[in-house]
Amino acid sequence: MATPCRIRVLFVLLAAAVAGAASHPAHEFCAAAGGGDGTRILIKGGTVVNAHRAEEADVYIEDGLVVAVRPNIPVGDDNVKVIDATGRYVMPGGIDPHTHLEMEFMGTVTIDDFYSGHAAALAGGTTMHIDFVIPVNGNLTAGLESYKHKAEKSAMDYGFHMAITKWNDEVSREMEVMVKEHGINSFKFFMAYKGSLMVTDDLLLQGLQKCKSLGALAMVHAENGDAVAEGQQRMIGLGITGPEGHALSRPPVLEGEATSRAIRLAKFVNTPLYVVHVMSIDAMEEIAKAKREGQRVIGEPVVSGLVLDDSWLWDPDFATASKYVMSPPIREAGHNKALQAALSSGILQLVGTDHCTFNSTQKAFGSDDFRKIPNGVNGIEERMHIIWDSMVETGKITVTDYVRVTSTECAKIFNIYPRKGAILEGSDADIIILNPKRSFAMGARTHHSRSDTSVYEGRKGKGMVEVTISRGRVVWEDGNLNAVPGAGRYVRTPPFGYLFDGIDKSDAVYRASLRAPVRRGEAAAA
């Protein structure tokens with residue numbers, strides 16, 4: 001229920017809009033009479049940036065929601081926290097579409113859980129993420145229950161994707177339950193990790209068809225798992241056991257082949273497809289080709305693929321080289337620049353991290369065999385700063401593009417916009433204030449991840465997130481973090497997002513084009 005203060009605020013705003021601000025003095029905000037936690041914040045003097053425009057405006061927040069976005073909002077209540085954003089950008093908090101917190105993988109568990117991962121995210125300007133639930137022995141319900149327990153310590157909002165690792169009638173039924181009862185509208189299929197997570201083409205095809213019927217988005221980790229297994233054996237046979245063997249065993253051509261195959265199967269089914277962690281020119285070009293032909297394919301690069309290259313994998317120090325091992329691998333120089341260009345031109349639509357952290361002790365499991373090095377790098381804290389520095393500061397994208405690729409597009413794809421991904425009246429108050437003139441420096445000693453390493457060690461740049469607001473609470477300000485375990489909230493993602501608009505019509509056009517069945521017996525008789 002709206003508080004009396006909020007009703008008064010909205011009434012005055014409506015009156016001002018009708019009669020004109022010049023003839024009606026702007027309102028003053030009063031203390032809330034109830035609802036929410038009573039937190040009230042006024043952000044003054046900044047440039048408010050949404051994906052569709054940037055404007056000079058103030059932002060008033062009450063009880064976790066954006067109540068007003070307009071110029072020159074005064075305040076006459078000492079209980080309202082006023083933040084001066086002069087010379088700064090006020091933007092929606094980041095949404096990371098690709099993370100793995102507290103995930104059991106390769107005989108160990110990722111070092112960041114739903115508290116440390118969230119603490120790192122909030123310090124870096126990300127206010128929501130979508131994590132991948134891994135089924136327990138293929139059982140989706142058991143997997144979800146496990147992740148619900150893990151997320152009890154969450155400090156910010158989160159959603160879930162669901163991985164599919166086997167196929168039978170029970171999995172098909174569980175997918176429907178996940179969508180209709182638990183608010184999960186996306187399912188991931190691993191085309192790699194043979195013998196554990198990998199799915200075969202027949203399973204993928206059935207999964208695509210089920211996703212389409214449910215209005216859920218199919219996602220793929222696109223690498224040819226059979227060929228990767230062969231490549232690994234080839235490297236071992238050549239005596240290549242170090243981290244460089246990881247990249248050599250799964251070259252870009254295998255990512256490109258699997259991306260092409262997944263795209264064609266999705267086209268055959270006529271359902272949207274989301275390709276996670278696009279790391280190579282090969283995969284990017286397959287996505288570009290499909291988009292030119294009108295197919296609905298989303299390409300997601302990750303920060304590591306955009307700004308790093310594989311040279312570190314050849315470092316003589318194992319501890320240094322192993323921290324860069326992830327799948328698909330970080331590619332040789334040139335792929336990163338091509339991916340940046342694809343992001344700036346719209347071929348790739350949003351940026352994730354694939355935050356999947358292991359410490360140096362865990363990475364050492366593969367000291368004599370690269371196949372045993374846990375795959376994964378950090379990024380949930382670094383993403384917003386690196387994208388600003390590498391893409392906005394260099395003029396490759398605009399500030400509105402920045403909001404789109406770090407927040408809004410993710411919210412739209414997973415059908416939670418404009419509740420998330422925007423600073424609009426009624427949106428959740430997930431907001432960052434970024435100072436484009438301040439510089440940052442990155443490293444394991446200062447980051448909030450529990451990992452003792454960072455693939456961005458020593459990286460410096462411009463554009464610092466000075467304030468992070470999560471659902472109306474200031475959780476990062478002046479270098480101080482106030483992440484509270486249990487403060488996070490699960491965000492349901494409804495099915496049939498915008499990518500499904502018109503699918504039924506194109507299906508009808510396809511059926512009409514078949515000119516079949518031909519009644520040959522009747523034709524012969526005539």
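Per an unreviewed UniProt entry, the chain is named dihydropyrimidinase, and its organism is Hordeum vulgare subsp. vulgare. In its Subunit (unreviewed entry) section, UniProt records this for the chain: "Homotetramer." What UniProt records for the chain under Cofactor (unreviewed entry) is the sentence "Zn(2+)".

Chemist: Before we go on, may I ask you to explain the overall build of the chain in this structure?
Modeler: Tallying secondary structure elements over the chain gives 17 helices and 20 strands in all. What you see for the chain is a C-alpha radius of gyration of 24 Å, in line with the 24 Å of a compact globule of 526 residues. Oriented by its inertia axes, the alpha-carbon framework of the chain measures out at about 80 × 80 × 45 Å. Contacts in the chain between residues at least 24 apart in sequence constitute 77% of all its contacts with a sequence separation of at least 6. Distance between charge centroids for the chain: 4 Å, based on 55 positive and 63 negative side chains.

Chemist: I would appreciate a short explanation of the packing of helix H14 (residues 383-392) against helix H15 (residues 399-413) in the present structure.
Modeler: The angle between the axes and the distance between the axes are what describe a pair of packed helices. The interhelical angle for the contact between H14 and H15, taken along N-to-C directions, is 140 degrees, at an axis separation of 11 Å. Crossing of H14 against H15: the hand is right-handed. Contact residues: Arg383, Met384, Ile387, Trp388 and Val392 in H14; Val399, Tyr402, Val405 and Thr406 in H15.

Chemist: What exactly am I supposed to notice about the packing of helix H4 (residues 169-182) against helix H5 (residues 201-214) here?
Modeler: Their axes nearest at 11 Å, the elements H4 and H5 cross at an angle of 35 degrees. Our pair here, H4 against H5, has a crossing hand that is right-handed. Side by side, H4 and H5 meet where Ser172, Met175, Glu176 and Val179 of the first sit next to Gly207, Lys210, Cys211 and Leu214 of the second. Among the residues forming the contact of H4 with H5, the class breakdown is four nonpolar, two polar and two charged.

Chemist: Please explain the pattern of salt bridges as it appears in this structure.
Modeler: When their charged atoms lie close together, side chains carrying opposite charge are able to pair. With the rule as written, the count across this model stands at 28 salt bridges. The salt bridge partner of Lys194 is Asp226, with a shortest N-O separation of 3.1 Å. With Lys194 in the loop between strand E13 (186-190) and H5 and Asp226 in helix H6 (residues 225-237), the pair connects residues that are 32 residues apart, well separated along the chain. Look at Asp226 and you get partly exposed, because its relative accessible area is 42%. In this structure, Glu223 engages Arg250 in a salt bridge whose closest nitrogen and oxygen atoms are separated by 2.8 Å. With Glu223 in the loop between strand E14 (217-221) and H6 and Arg250 in the loop between helix H7 (244-249) and helix H8 (252-269), the pair connects residues that are 27 residues apart, well separated along the chain. Pair check on accessibility: Glu223 and Arg250 agree, each one buried.

Chemist: Looking at this model, I keep getting lost on the sheet that holds strand E7 (residues 89-92). Mind explaining?
Modeler: Strand pairing in a sheet relies on backbone hydrogen bonds. The paired strands run either parallel or antiparallel. If you trace the seven strands from one edge of the open sheet to the other, you get E3-E2-E7-E17-E18-E19-E20, paired in mixed fashion. Strands with a single pairing partner mark the edges of an open sheet, and in this sheet they are strand E3 (54-56) and strand E20 (480-481). Where E7 meets strand E17 (residues 431-441), four bridges bridge the pair, whose relative direction is antiparallel. Residue pairing in the sheet places Val90 in a bridge with Ile433 of E17. This element, H15, spans strand E2 (47-49), E3, E7 and E17 of the sheet and lies at about 30 degrees to E7.

Chemist: Even after reading the chapter, I still don't get the sheet that holds E13, so can you show me in this structure?
Modeler: Ordered in space as E8-E11-E12-E13-E14-E15-E16, the seven strands form an open sheet in which the pairing is parallel. Looking at which strands have only one partner, the edges of the open sheet turn out to be strand E8 (94-99) and strand E16 (297-299). With strand direction ignored, the average angle separating the axes of adjacent strands in the sheet is 25 degrees. Alignment of E8 against strand E11 (residues 126-133), held across four bridges, turns out to be parallel.

Chemist: Which parts of the structure should I look at to understand helix H2 (residues 116-123)?
Modeler: One turn of the α-helix equals 3.6 residues, which is why residues spaced by three or four share an orientation. Across the eight residues of H2, eight count as buried, placing the element largely inside the fold. Burial in H2 covers these residues: Ser116, Gly117, His118, Ala119, Ala120, Ala121, Leu122 and Ala123. Those residues of H2 that are buried lie in contact with E11, strand E12 (157-164), H14, strand E18 (460-470), strand E19 (473-477) and E20. Positive phi shows up at Gly125, right after H2, with a value of about 90 degrees.

Chemist: Explanation requested: the pairing of strand E5 (residues 65-70) in the structure shown.
Modeler: In terms of burial, E5 is a largely internal element, five of the six residues being buried. Linking strand E4 (residues 58-62) to E5, which pair antiparallel, is a turn of two residues; within it Asp63 sits at a positive phi near 50 degrees.

Chemist: Would you explain the UniProt feature "domain: Amidohydrolase-related" (unreviewed entry) in the chain in this entry?
Modeler: UniProt records the feature "domain: Amidohydrolase-related" (unreviewed entry) at residues 89-475, using the numbering of this structure. Span residues 89-475 is 38% helix and 18% strand, its end C-alpha atoms 18 Å apart.

Chemist: Teacher, can you tell me more about the packing of aromatic side chains here?
Modeler: The relative placement of two aromatic rings is captured by the distance of their centres and the angle of their planes. All told, the structure shown has 13 aromatic pairs when counted by the stated rule. An angle of 70 degrees between the planes, with centres 5.9 Å apart, marks the rings of Phe114 and Tyr158 as edge-to-face. Remark: Tyr158 occurs in strand E12 and Phe114 occurs in the loop between strand E10 (108-109) and H2; sequence separation between them is 44 residues. The interplanar angle of 90 degrees and the centroid separation of 5.0 Å between the aromatic rings of Trp388 and Tyr402 together place this pair among those described as edge-to-face. In this pair, Trp388 is assigned in helix H14 and Tyr402 in helix H15, connecting sequence segments 14 residues apart. Both residues of the pair, Trp388 and Tyr402, count as buried.

Chemist: Please clarify how the state of the cysteines should be interpreted in this entry.
Modeler: Tallied over the full model, the rule gives zero disulfides. Left without a disulfide partner, Cys211 is nearest to the cysteine sulfur of Cys410, which lies 17 Å away. Residue Cys211 is classed as buried on the basis of its relative accessible area of 0%.

Parameters and conventions
Residues numbered from 1 in each chain as written. Predicted model: local features only at pLDDT ≥ 70, side-chain atom pairs only at ≥ 80, totals over all residues. Heavy atoms only, no water. UniProt positions renumbered as here; feature names shortened; annotations may be inferred. Helix = DSSP H or I, 4+ residues; strand = E, 2+ residues; numbered from the N terminus. Rg over C-alpha atoms; globule rule 2.2 N^0.38 Å. Contact = heavy atoms within 4.5 Å. Lys, Arg positive; Asp, Glu negative; His and termini not counted. Charge placed at Lys NZ, Arg CZ, Asp CG, Glu CD. Axes fitted to C-alpha atoms, helices over the stretch in contact; angles between N-to-C directions. Left-handed = near helix turned anticlockwise from the far one by under 90°. Nonpolar A, V, L, I, M, F, W, Y, C, P; charged D, E, K, R; others polar. Salt bridge = Lys/Arg side-chain N within 4 Å of Asp/Glu carboxyl O. Buried < 20%, exposed > 50% of the residue type's maximum accessible area, 1.4 Å probe, protein only. Pairing = 2+ DSSP bridges. Phe/Tyr/Trp six-rings, centres within 6.5 Å; stacked < 30°, edge-to-face > 60°. Disulfide = S-S within 2.5 Å.

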